[in-house]
Amino acid sequence: MFVEENRTPQPATPEDSDWDKLRQLIKNCAVDTDISDLAQQHDHYLYGMPKRE
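Scoring rules and cut-offs
Every residue gets a number counted from 1 within its own chain, in the order that chain's sequence is written. The predicted nature of this model means local features are confined to residues of pLDDT at least 70 and side-chain atom pairs, given and counted, to a pLDDT of 80 or more, with totals for whole chains, interfaces and linings taken over all residues. Neither water nor hydrogens contribute to the side-chain values; these are computed over all heavy atoms in the structure. Salt bridges are defined as contacts in which a side-chain nitrogen from Lys or Arg sits within 4 Å of a carboxyl oxygen from Asp or Glu. Here a strand is any run of E in DSSP of at least two residues, a helix any run of H or I of at least four, and the numbering for each starts at the N terminus. Think of it in three bands: residues with accessible area under 20% of the maximum for their type are buried, residues over 50% are exposed, and the middle band is partly exposed, with areas taken using a 1.4 Å probe on protein chains only. The term polar contact refers here to a pair of N or O atoms within 3.5 Å; inside protein, the definition further demands a hydrogen-donor-capable atom paired with an acceptor-capable atom, and it admits residues adjacent in sequence only when both atoms are side-chain atoms. Contacts are residue-level and defined by heavy atoms, with any inter-residue pair within 4.5 Å sufficient.

Asker: Which parts of the structure should I look at to understand the pattern of salt bridges?
Answerer: Working definition: two side chains of opposite charge can pair if their charged atoms are close together. Overall, the coordinates contain three salt bridges when judged by the stated rule. Measuring nitrogen to oxygen at the nearest pair gives 3.1 Å for the salt bridge that ties arginine 23 to aspartate 20. Here arginine 23 and its partner aspartate 20 are both found in helix H1 (residues 18-29), three residues apart, which amounts to about one turn of the helix. In this structure aspartate 20 comes out as partly exposed when scored by relative accessible area, which is 34%. Among the salt bridges present, the one from arginine 52 reaches aspartate 43, with a minimum N-O distance of 2.9 Å. Arginine 52 sits in the exposed class, given a relative accessible area of 51%.

Printed below as a string of structure tokens:
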């Protein structure tokens, strides 16, 4: 289930490094799916394959 949230991205400040800006961008784009095994079972969730042990 995808839930769109109304959140304002945190702006990067001039003293932030490029890595800090990337970390903030990833944080702003993160979506909470409530699926704890999404990375391990992505084939199951994307393609309907049986879950791995």
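Once you've had a look at it, read on.
Asker: So what exactly am I meant to see when it comes to the side chain of glutamine 41 here?
Answerer: Structurally, the position occupied by glutamine 41 is in the loop between H1 and helix H2 (42-47). Exposure remark for glutamine 41: the relative accessible area of 8% places this residue in the buried category. Among the polar contacts listed, one links the side chain of glutamine 41 to the backbone nitrogen of arginine 52, at a separation of 2.8 Å. Setting aside residues up to four positions removed in sequence, glutamine 41 forms contacts with Lys51 and Arg52.

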